[in-house]
Amino acid sequence: MTGSMLGKSLYVGEAIELTAIDAEKDAALFSQWTEQPAFNRHFNFGIFRPTAEHEMKKKLEELMKKIDEKRDAYFFVIRKRDGSVPIGLAFIRNILHAHQVGSIYICFGSDADLIKYGSEAMDMMLRYGFMEASLHRLGATLAGYETDMISLYESKGFLREVQHREAAYHAGRYWDEMIYAILKPEYKKRIEEATK
Amino acid sequence: MTDKVLTGKLVKLVPINKEKIAEQWANWNIDSDYTRLLDIGPSYLYPRKQIEKWIDEIDDGSCEFAIHAIAEDKVIGDIGIGDFDWAAGTTWVGIGIGDPDFRGKGYGTDAMQVILRYAFEELNLHRVNLSVFDFNKRAIRSYEKCGFKYEGVMREFIYKEDQRWDIWNMGILHSEWQAMQS
């Protein structure tokens, strides 16, 4: 064997870190984030409706319980390195172990944080998904109006595989919904090229 | 016409009768080619009790039907729509013709046409999605006949027989379906 698994944390990055969810402490802030339709799409699901703090706490507890039973997801809270309040959520869910596939999403409380920290958060989650969780394929469904998020996925080498025509509705009109995905060989090639 | 919403040329969509269909499903599952075309999970011979439990747990929010062949007076498969997005008016459809004698003869296509009419004319949906494994050519032909358009492919999503397979995504809009009726 060559190389080492040790010495480079999966969770501590340059500017941010991935931390465990704390339903009790984090619910209030997550509840505020549900005011954004995009956060709702990827985390809250269903009809867009902001979620109250007590509902969010319950939702988080149920989510953690379900994940513990099904072992089909990994959820992290993104925090700045200085240990301050959460700035976002990063997760791989809908994992089908038999096929080594999953969905990967990053949601931030503010668009500014997405621009500032999205790239590092995605790098860390891709490493986690491919090199720790040993998945083969990571995908995401994004709505046409999520332009900054689409740019982030495209910048990380995700390919647009599917375009569901008029599958999302927001701000008084239909939008296409896109499935993006990256495969492990593609990811490894990018990493090799970046370190050359 | 109004009372024939769920009736097509060859089939009628009827509620799922738990006792009857659980036994049929258990029998259909023995055909591993069938289950491999139907579902992404590892094919498995689920005990009948387990199948009955699933039927009990079918979400109220989804619309699952048994496909009843009219002339032969026989349940031959099942079809359902669910995972609704009521804001965008979208849903996902899934279908299986479990009885091998009724495959490739237009029964599935007829059932799909009935459920599309139900989705668009009764539930007022805007589009219907489906996904199909790339090795299921017969289903793809049937979906194209019903008006579904190819919208892309999820690469290497399935790992079976020690190799990777793609999943096609298809969709049809209400307006496209309407244009086909005239």
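Procedures and definitions
- By convention here, each chain's residues receive numbers from 1 onward along its written sequence.
- Throughout, the order in which chains and ligands are written sets their labels, letters from A for the former and numbers from 1 for the latter.
- With the structure being a predicted model, the display of local features is reserved for residues of pLDDT at least 70 and the display and counting of side-chain atom pairs for 80 or more, all residues being used for whole-chain, interface and lining totals.
- The side-chain figures draw on all heavy atoms in the structure; neither hydrogens nor water molecules are used.
- Runs of H or I in DSSP of at least four residues are treated as helices and runs of E of at least two as strands, each being numbered from the N terminus.
- Exposure is judged per residue with a 1.4 Å probe applied to protein chains only, and the accessible area is read against the type maximum: over 50% gives exposed, under 20% gives buried, and values in between give partly exposed.
- Only heavy atoms matter for contacts: two residues are in contact if any of them lie within 4.5 Å across the pair.
- Values of accessible area rely on a 1.4 Å probe in the Shrake-Rupley scheme; residue burial ignores everything except the protein chains shown.
- Counted as positive: Lys and Arg. Counted as negative: Asp and Glu. His and the chain ends are not counted at all.
- Charged groups are reduced to one reference atom each: NZ for lysine, CZ for arginine, CG for aspartic acid, CD for glutamic acid.
- Here the quantity called buried area is the accessible surface, traced with a 1.4 Å probe, that two parts lose on coming together, added over both.
- Note on definitions: salt bridges are taken to be side-chain nitrogens of Lys or Arg within 4 Å of carboxyl oxygens of Asp or Glu.
- Definition of a polar contact: a pair of N or O atoms within 3.5 Å, with one able to donate and the other able to accept a hydrogen when the atoms are protein atoms, and with sequence-neighbouring residues admitted only if both atoms are side-chain atoms.
- The length a helix should cover is 1.5 Å for every residue beyond the first.
- The patches described consist of residues with a relative accessible area above 30% and no salt bridge, like charges being joined within 9 Å and nonpolar side chains (Val, Leu, Ile, Met, Phe, Trp, Tyr) within 5 Å.
- Think of each axis as a best-fit line through the C-alpha atoms, taken over the contacting stretch in the case of a helix, with angles from 0 to 180 degrees between the N-to-C directions.
- What sets the label is the angle itself: under 35 degrees gives roughly parallel, over 145 gives roughly antiparallel, 65 to 115 gives roughly perpendicular, and the rest give oblique.
- In this scheme the crossing of two helices becomes right-handed for a clockwise turn of the near helix relative to the far one and left-handed for an anticlockwise turn of less than a right angle.
- Computed over the protein atoms alone on a 1 Å grid, cavities are sets of points where a 1.4 Å probe fits but cannot get out and pockets are open sets with protein on both sides within 12 Å along at least five of seven lines; a residue lines them when it has an atom within 4 Å of a point.
- Grid points are joined across faces, edges and corners, and a volume is the space filled by probe spheres set on the points.
- Residue polarity is assigned by list, with Asp, Glu, Lys and Arg as charged and Ala, Val, Leu, Ile, Met, Phe, Trp, Tyr, Cys and Pro as nonpolar; anything else, Gly included, falls into the polar class.
- In these notes, a set of buried Ala, Val, Leu, Ile, Met, Phe, Trp, Tyr and Cys residues joined through side-chain atoms within 4.5 Å is what counts as a nonpolar core.

Caption draft 1: Layout of the overall build of chain B. Each helix and strand counted, chain B has six helices and seven strands in total. The principal-axis extent of the C-alpha atoms belonging to chain B is close to 45 × 40 × 30 Å. Sorting the 182 residues of chain B into buried and exposed places 50% on the buried side. The contacts of chain B with a sequence gap of at least 6 include a subset with a gap of at least 24, amounting to 64%. Accessible surface for chain B amounts to roughly 9500 Å². Of this, 50% is attributable to carbon and sulfur atoms. Computing the positive centroid from 22 side-chain charges and the negative centroid from 30, chain B places the two 4 Å apart.

Caption draft 2: Inspection of the interface of chain A and chain B at higher detail. Taken together, the contacts link 24 residues of chain A with 29 residues of chain B. Where chain A abuts chain B, roughly 2100 Å² becomes buried across the two surfaces, and 50% of that area is made up of carbon and sulfur atoms. Three residues, His99, His164 and Arg165 of chain A, lead the burial of chain A against chain B; their summed loss comes to 31% of the area buried on that side. At the boundary of chain A and chain B, one finds four salt bridges. Here Arg155 of chain B makes a salt bridge to Glu186 of chain A, at a shortest N to O gap of 2.5 Å. Joining chain A to chain B, the criterion identifies 19 residue pairs in polar contact (both at pLDDT 80 or more).

Caption draft 3: Structural view of helix H4 (residues 107-122) of chain B. Residues and elements named next belong to chain B. Taking 1.5 Å of rise per residue, the 16 residues of H4 would be expected to cover 22 Å, and the 22 Å separating its terminal C-alpha atoms lies within 8% of that figure. With 13 of 16 residues buried, H4 lies mostly within the body of the structure. Among the residues trailing H4, Asn124 stands out with phi positive, at a value near 55°.

Caption draft 4: Representation of a nonpolar patch on the surface within the structure. There is a patch of nonpolar side chains on the surface, built from Tyr44, Tyr46 and Trp54 of chain B and spanning about 310 Å² of accessible area. Mapping Tyr44 of chain B onto the fold places it in the loop between helix H2 (32-38) and helix H3 (48-56).

Caption draft 5: Just the packing of H4 of chain B against helix H5 (residues 137-146) of chain B, in detail. Residues and elements named next belong to chain B. Orientation of H4 relative to H5, taken along the N-to-C sense of each, is 40°, at an axis distance of 9 Å. Judged by the inter-axis angle, H4 sits oblique to H5. The interaxial crossing formed by H4 with H5 has right-handed handedness. Seen from H4, the contacting residues are Gly108, Thr109, Met112, Gln113 and Leu116; seen from H5, they are Ser142, Tyr143, Lys145 and Cys146.

Caption draft 6: Here's a closer look at the layout of surface pockets. Residue and element names in this part refer to chain A. The volume enclosed by the second largest pocket comes to roughly 820 Å³. In terms of lining, the second largest pocket is formed by 26 residues, of which the most central are Lys8, Arg127, Met131, Tyr187 and Ile191. Of all the elements, helix H4 (residues 111-132) adds the most residues to the lining of the second largest pocket, at seven residues. Looking at the lining of the second largest pocket residue by residue, the classes come out as ten nonpolar, eight polar and eight charged.

Caption draft 7: Quick peek at the environment of Leu38 of chain B. All names here are of chain B. With respect to the secondary-structure elements, Leu38 resides in helix H2. A relative accessible area of 39% means that Leu38 is categorised as partly exposed. Along the backbone, Leu38 and Ile97 are 59 residues apart, and their C-alpha atoms lie at a distance of 9.2 Å. For Leu38, the residues in contact, after removing those within four places along its chain, are Ile95, Gly96 and Phe133.

Caption draft 8: Broad picture of the nonpolar core. Of all hydrophobic cores here, the largest spans 53 residues; its most connected members are Phe43, Phe75, Ile78, Leu89, Ile104, Leu126 and Tyr153 of chain A. Beyond its immediate chain neighbours, meaning those up to four positions away, Leu89 of chain A contacts Ile21, Phe30, Trp33, Phe39, Phe43, Phe75, Phe76, Val77, Ile78, Tyr105, Ile106 and Cys107 of chain A.

Caption draft 9: Fine view of unusual backbone geometry. Residues and elements named next belong to chain A. One non-glycine residue, Gln100, lies in the positive phi region at around 55°. Relative accessible area serves as the criterion here: at 30%, Gln100 is assigned to the partly exposed category. Positive phi, normally seen in glycine, also occurs at Glu166, with a value near 50°. Taking the relative accessible area as the measure of exposure, Glu166 reaches 30% and is therefore partly exposed.

Caption draft 10: Layout of the pattern of salt bridges. Residue and element names in this part refer to chain A. Under the counting rule described, the total for this entry stands at 25 salt bridges over all chains. Salt-bridge contacts for Glu24 lead to Lys57; the nearest nitrogen and oxygen are separated by 3.4 Å. You can see Glu24 sitting in helix H1 (residues 23-33) and its partner Lys57 sitting in helix H3 (residues 53-70), a full 33 residues away along the chain. Using a relative accessible area of 52% as the deciding quantity, one classes Glu24 as exposed. In this structure, Arg79 and Asp26 form a salt bridge, with 3.4 Å as the shortest nitrogen-oxygen distance. Note that Arg79 is positioned in strand S2 (residues 74-80) and Asp26 in helix H1, a separation of 53 residues in sequence. Like Asp26, Arg79 is buried.

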